Amino acid sequence: MENRKNMIELDGAHGEGGGQVLRSALTLSMITGQPFGIVNVRANRSRPGLMRQHLAAVRAAAAVSGADVTGAELGSHALTFAPGTLRAGDYEFAIGSAGSCTLLLQTVLPALLYAQGPSTLRISGGTHNPMAPPAQFLQRAWLPLLAKMGGRVELELLRSGFYPAGGGVLAAAVQPCARLHPIDVVERGALVESYAESVVAAVRHGVAQRELDTVRELLGFEPAQLHIRGLPADQGPGNALLLTFVYEHVTEVIAAFGEKLVTAEDVARQAVRQAQAFLAQDGAAGEHLADQLMLPLALAGGGSFTSAAVSDHMSTNAEVIARFLPVRFDLTPAGSRQLVTVIPTAAP
């Protein structure tokens, strides 16, 4: 284990106080080789400490980087992580619950871009749950922008896994990248297409139809923009409503999820409210995409994007990133939106 004097010390209770502090620290530690220690893990959550999906991310990061770890156990409130050398390879990680496959993927994927050879990832767990981006968000919104930066990743949804059962599977192929290049995501450009999908597994198609009818009523979508995606019953029960808006320069995917005692109409209204808020402002990146652009742009050492506002998640993420990388995020009001620019600084 590295000497504690060389460790970056983090307080998980600071700022937003969720799992993003840990995930960003793991990613950056693997890439930079800097060890870190964190206390008060997820202190601001109703069930603080390492949950199964966070522990899976720690173990995956340790496997990819040959790290020396202490505190990697369920419920742990403190952790130290000292990475070794990044290792390309074929990896399989099982969360063992409906914990998010996409968040685990986003933890280790950027690091594997810096490995010496290509890698594959197969991750099992939840692919569609309310506390994480669905697989389609990564495929349509995040990965295309990462590709513009030089990050070549292919992602396939092999099986959907809904909360609370999980059982989903994601497969990714990652090509090594000499370096990521800055990009500017300032304008959306013209709207190319928009559509709604109700994904159902072991749920009546009538539920999907009611969701789509509500979307048509509230957003004015035409029948050709409305799609029912029926999955095999053994992938359910589960229901996700996805609204996708494809612009020239950026794509936004908005999700809402069916759950017990919530009507199909209310699920649709939840998604529509998010869509209306996004459409009412002109920031290029929605709230979630903005947060997830920060780390790749910081690794690139430059670039910018616009968003409607700076969330607590983004502010916390910016502080963690600045502990590992010689960059800061400049936030400048630009009319009704915020311009977020990565600025190189002296080494931390």
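What counts and how
Residues numbered from 1 in each chain as written. Predicted model: local features only at pLDDT ≥ 70, side-chain atom pairs only at ≥ 80, totals over all residues. Heavy atoms only, no water. Salt bridge = Lys/Arg side-chain N within 4 Å of Asp/Glu carboxyl O. Helix = DSSP H or I, 4+ residues; strand = E, 2+ residues; numbered from the N terminus. Buried < 20%, exposed > 50% of the residue type's maximum accessible area, 1.4 Å probe, protein only. Pairing = 2+ DSSP bridges. Contact = heavy atoms within 4.5 Å. Axes fitted to C-alpha atoms, helices over the stretch in contact; angles between N-to-C directions. Core = buried A, V, L, I, M, F, W, Y, C linked by side-chain atoms within 4.5 Å. Expected span 1.5 Å × (residues − 1). Arc of directions from axis to C-beta. Phe/Tyr/Trp six-rings, centres within 6.5 Å; stacked < 30°, edge-to-face > 60°. Lys NZ or Arg CZ within 6 Å of the ring centre and 35° of its normal. UniProt positions renumbered as here; feature names shortened; annotations may be inferred.

J.: Just checking my understanding: could you explain the pattern of salt bridges for this structure?
T.: Side-chain pairs of opposite charge can arise where the charged atoms are in close proximity. The final tally for this structure, using the stated rule, is 8 salt bridges. Measuring nitrogen to oxygen at the nearest pair gives 3.7 Å for the salt bridge that ties Arg159 to Asp234. Note that Arg159 is positioned in strand 7 (residues 153-159) and Asp234 in the loop between strand 11 (226-231) and strand 12 (238-247), a separation of 75 residues in sequence. Here Arg159 falls in the partly exposed class, since its relative accessible area comes to 27%. We note a salt bridge from Arg337 to Glu187, for which the minimum N-O separation is 2.7 Å. In this pair, Arg337 is assigned in strand 16 (residues 337-344) and Glu187 in the loop between strand 9 (184-185) and strand 10 (191-201), connecting sequence segments 150 residues apart. By relative accessible area, Arg337 is classed as buried at 11%. The network of salt bridges with common partners includes Arg140, Glu197 and Arg229.

J.: Just to check I follow, could you spell out the sheet that holds strand 15 (residues 327-334) for this structure?
T.: An order of 9-14-16-15 is seen for the 4 strands of this open sheet, with the pairing classed as mixed. One side of each edge strand has no neighbouring strand; the edge strands of this open sheet are strand 9 and strand 15. Note that strand 14 (residues 304-307) and strand 16 share 4 bridges and pair antiparallel. Within the sheet, the bridge partner assigned to Ser307 lies in strand 16 and is Gln338. Of the strands in this sheet, strand 14, strand 15 and strand 16 touch helix 8 (residues 312-324), which is tilted by about 150° from strand 15.

J.: It is not clear to me how the nonpolar core should be interpreted in this structure. Could you clarify?
T.: Among soluble globular proteins, nonpolar side chains are generally buried collectively. Residues Phe36 and Phe305 are the most contacted members of the largest nonpolar core, which totals 97 residues. Broken down by element, the residue count for this core peaks at 9 residues, all from helix 7 (residues 287-300). For Phe305, the residues in contact, after removing those within four places along its chain, are Val185, Ala285, Ala290, Leu293, Met294, Leu297, Met314, Gln338, Leu339 and Val340. Phe162, Val199, Ala201 and Leu242 belong to the second largest nonpolar core, which has 7 residues in total.

J.: What is the right way to look at helix 5 (residues 205-219) in this model?
T.: Since the α-helix advances by 3.6 residues per turn, residues separated by three or four positions end up pointing in the same direction. An ideal rise of 1.5 Å per residue puts 21 Å on 15 residues; helix 5 measures up with 21 Å between its terminal C-alpha atoms. Residues of helix 5 that are buried include every one of Val207, Ala208, Glu211, Leu212, Thr214 and Val215, and no others. Along helix 5, the residues classed as buried sweep out an arc of 155° about the axis, all on the same side. Elements in contact with the buried residues of helix 5: strand 10, strand 11, strand 12 and helix 6 (264-279). Gly220 sits one or two positions beyond helix 5 and adopts a positive phi of about 75°.

J.: Please explain the packing of aromatic side chains as it appears in this structure.
T.: Remark: the centre distance and the inter-plane angle together describe each pair of aromatic rings, the angle taken between the planes. On inspection of all chains with the given rule, the structure shows 5 aromatic pairs. Measuring from centroid to centroid gives 5.7 Å for Tyr91 and Phe93, while their planes differ by 15°, and the two rings are stacked. The exposure classification of Tyr91 matches that of Phe93, with both residues buried. A cation sits over an aromatic face here: Arg188 above Tyr247, 5.3 Å from the ring centre. Stacked on the ring of Phe278, the Lys or Arg Arg188 has its end atom at 3.8 Å from the ring centre.

J.: Can you help me understand helix 3 (residues 101-112) in this one?
T.: The first and last C-alpha atoms of helix 3 sit 16 Å apart over 12 residues, in line with the 16 Å expected at 1.5 Å per residue. Counting buried positions over the 12 residues of helix 3 gives 12, a clear majority of the element.

J.: Before we go on, may I ask you to explain the UniProt feature "binding site: ATP" (unreviewed entry) in the protein chain in this structure?
T.: UniProt marks Gln106, His288, Leu289, Ala290, Asp291 and Gln292 with the feature "binding site: ATP" (unreviewed entry), using the numbering shown here. Spatially, the listed residues are clustered: although they cover 187 residues, their C-alpha atoms lie within 14.2 Å of one another. Mapped onto the fold, Gln106 is located in helix 3. According to the relative accessible area criterion, Gln106 is buried, its value standing at 13%. Gln106 has contacts with Thr27, Pro133, Leu138, Trp142 and Gln292, leaving out every residue within four places of it along the chain. Within the secondary structure, Asp291 is located in helix 7.

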